[in-house]
Structures are given as C-alpha cells and as structure tokens.
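Take a look at the letters that make up each chain.
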Amino acid sequence: MKKTLGIALHVLAGTPLAPASPEAKTSVLRLPGGTTTTRWLSRGASNSGGWGTALERHLNLELPVAAHCVLDLAEEGVDLESLTDELHPRWDRGLPRIRATLDEVRIQFASLGCHPTPGTLLVDLFHPPAADRLKKLSSWCKRNDLALLVRTASGSERLGPTPEVPAQIPLADLARHFLSPEALA
C-alpha cells in the first residue's frame with residue numbers, strides 16, 4: 001500500500017443492532033504488513049467484532065485494498081449529553097476518547113505507509129436531541145475532519161442540516177451514506 005492511498009477513518013459512537021451475518025466476527029483490513037484488525041490499530045479501544053466490523057467488511061467488499069477503517073467506539077453509558085458536556089462525569093469517555101483513538105489510529109496508519117483521510121462519525125439517538133448539543137457535536141466533527149451521520153429511532157423528528165438515517169436501515173443502505181459525499185454534505 002502506497003502512502004498516497006487513503007484510508008477513510010469512520011467512527012461508530014452509538015449502539016447499533018448486531019449484524020445478521022456470521023462472517024463479521026473479526027475486522028480485516030488488507031494492509032502492507034498483512035491482515036490486521038481495527039482493535040490492533042486502536043490499541044484495544046475499538047470493539048473488534050459485531051456491527052462495526054460488518055460495516056467495514058461491506059465498505060471494503062469489492063476493493064482490492066481496504067479503503068475504509070471503521071472504529072466501533074460505542075461505550076455503555078455514553079450518550080449525547082456525555083459526548084457534548086465537558087462537565088459531565090463521563091466526558092473523558094466521550095469526545096476526548098474518540099479524538100485520542102483517532103490520533104492513535106492515524107499514527108498507526110502512518111507507520112504502515114498509509115494516509116488516513118476524513119471519515120464519518122455515526123451516532124445513535126433514540127430520543128430527539130437538544131439542538132444545542134447536536135450543534136456542538138457537529139462543530140466538533142468539523143474541527144476533527146469528520147462528517148456527522150445520525151441514526152435515529154424517531155423517524156418523524158428532523159434534525160435539521162445534520163444527515164439522518166432511520167435506526168432500522170439495512171447495512172447496505174447505511175454503507176452508501178459512508179461512500180457518498182453528497183449524502184453527507
């Protein structure tokens with residue numbers, strides 16, 4: 001893999017449903033040093049199986065060399081409030097942890113001769129969010145070279161300019177949002 005080839009770094013910060021496909025147990029990226037996992041790249045921060053792995057496999061399915069790395073950084077008890085409120089007791093498990101993990105993975109990719117490119121932060125919201133929290137999250141994503149995509153169970157609640165997808169969207173349809181820049185504009 002040449003340094004000019006980019007790997008888009010995507011982050012899952014929600015708790016999506018488990019995939020139906022049994023082959024999504026280990027994340028596989030075809031890198032210069034051989035097959036590796038996002039768990040290794042993130043020094044254990046990323047969950048190495050399940051839904052995020054299924055999305056990564058789907059995004060890289062027909063590519064000769066992986067171009068997408070999906071970090072599943074979902075953590076129990078971290079919601080939109082703890083992600084966006086610096087005074088929240090779990091704040092350090094939210095955006096600071098995501099930022100530190102992204103930096104670590106970028107370093108790992110650079111050591112492998114790859115060039116990490118901006119990706120997407122996917123957040124699950126099961127209740128309508130406060131507009132100020134969503135705006136703060138959107139600003140954070142812009143500062144950290146991430147597009148923002150929100151999965152929501154409340155399909156009737158529009159989130160304004162933030163791209164939104166329904167919670168029950170199939171994996172293949174969701175993957176199109178990660179591949180299509182105009183869908184996230």
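The residue count restarts for each chain, going from 1 along the sequence in the order it is written. Under the rules for a predicted model, residues below a pLDDT of 70 receive no local features and side-chain atom pairs below 80 are neither given nor counted, while totals for whole chains, interfaces and linings still include all residues. Values shown for side chains rest on all heavy atoms present in the structure; no hydrogens or waters enter the calculation.

Once that is clear, we can look at the packing of helix H2 (residues 51-60) against helix H6 (residues 171-179). Two numbers describe a pair of packed helices, the interaxial angle and the distance between the axes. In contact at an axis separation of 10 Å, H2 and H6 are set at 65° when each is read in the N-to-C sense. In this view, H2 runs roughly perpendicular relative to H6, as classed from their interaxial angle. Where H2 crosses over H6, the handedness of that crossing is right-handed. For the pair formed by H2 and H6, the contact residues are Trp-51, Ala-54, Leu-55, His-58 and Leu-59 on the first element and Leu-171, Ala-172, Leu-174, Ala-175, Phe-178 and Leu-179 on the second. Class assignment for the residues of the contact of H2 with H6 results in 10 nonpolar, 1 polar and no charged. Note on geometry: axes are lines fitted to C-alpha atoms, helical ones only across the stretch in contact, with angles between N-to-C directions running from 0 to 180 degrees. In this description a helix means any DSSP run of H or I spanning at least four residues, a strand means any run of E spanning at least two, and both kinds are numbered starting from the N terminus. Orientation categories follow fixed angle ranges, with anything under 35 degrees roughly parallel, anything over 145 roughly antiparallel, 65 to 115 roughly perpendicular, and all other angles oblique. Left-handed describes a crossing whose near helix is turned anticlockwise from the far helix through less than a right angle; right-handed describes the clockwise counterpart. Note on definitions: a residue-residue contact is assigned when non-hydrogen atoms from the two residues lie within 4.5 Å. Residue polarity is assigned by list, with Asp, Glu, Lys and Arg as charged and Ala, Val, Leu, Ile, Met, Phe, Trp, Tyr, Cys and Pro as nonpolar; anything else, Gly included, falls into the polar class.

This part takes up helix H5 (residues 131-143). Given a rise of 1.5 Å per residue, 13 residues ought to cover 18 Å, and the 18 Å separating the end C-alpha atoms of H5 matches this to within 8%. Taken together, the buried positions of H5 are Leu-134, Leu-137, Ser-138, Trp-140 and Cys-141. All buried residues of H5 fall inside an arc of 160° around its axis, so they share one side. Facing away from the buried side of H5, by more than 90 degrees, are the exposed residues Ala-131, Asp-132, Lys-135, Lys-142 and Arg-143. The elements touched by buried residues of H5 are helix H3 (80-84), helix H4 (95-111), strand E6 (119-125) and strand E7 (146-152). Immediately downstream of H5, the backbone of Asp-145 shows phi near 55°, a positive value. Take the number of residues in a helix, subtract one, and multiply by 1.5 Å to get its expected span. Whether a residue is buried, partly exposed or exposed follows from its accessible area with a 1.4 Å probe, protein chains only, as a fraction of its type maximum: under 20%, in between, or over 50%, in that order. In this context, the arc is that of the directions from the helix axis out to the C-beta atoms.

So, on to the environment of Arg-176. Along the chain, the position of Arg-176 falls in helix H6. Note: C-alpha distance between Arg-176 and Leu-59 (117 residues apart in sequence) is 8.5 Å. Looking at Arg-176, its side chain comes within polar contact range of the side chain of Asp-173, at 2.3 Å. Under this definition, polar contacts are N or O atom pairs within 3.5 Å; protein pairs additionally need one hydrogen-donor-capable and one acceptor-capable atom, and for neighbouring residues in sequence, both atoms have to be side-chain atoms.

Here Asn-60 shows up in helix H2. With a relative accessible area of 3%, Asn-60 lands in the buried category. Of note is the side chain of Asn-60, whose polar atom sits 2.8 Å from the backbone oxygen of His-68. Once residues lying within four places of it in the same chain are set aside, the contact partners of Asn-60 are Leu-29, Arg-30, Ala-66, Ala-67 and His-68.

With that out of the way, let us pick up the nonpolar core. Only buried residues count toward a nonpolar core. Its members are Ala, Val, Leu, Ile, Met, Phe, Trp, Tyr and Cys residues joined through side-chain atoms within 4.5 Å. Counting 32 residues, the largest nonpolar core has Cys-69, Ile-98, Phe-109, Leu-121 and Val-123 as its most contacted members. Counting residues per element, this core draws most heavily on H4, which supplies 5 residues. If we ignore the near neighbours within four places in the chain, the residues touching Leu-121 are Val-11, Ala-13, Ile-98, Leu-137, Trp-140, Cys-141, Leu-146, Ala-147, Leu-148 and Leu-149. If you look at the next biggest cluster of nonpolar residues, it comprises 12 residues, including Leu-12, Leu-55, Leu-59 and Leu-149.

Once that is clear, we can look at the confidence of the model for the protein chain. Residues of the protein chain with pLDDT of at least 70 account for 82%, and the chain-wide mean is 79. Model confidence for the protein chain, summarised as mean pLDDT per element, is weakest for strand E3 (residues 34-36) at 71 and strongest for H4 at 91. The predictor attaches a confidence to each residue, called pLDDT, with possible values from 0 through 100.

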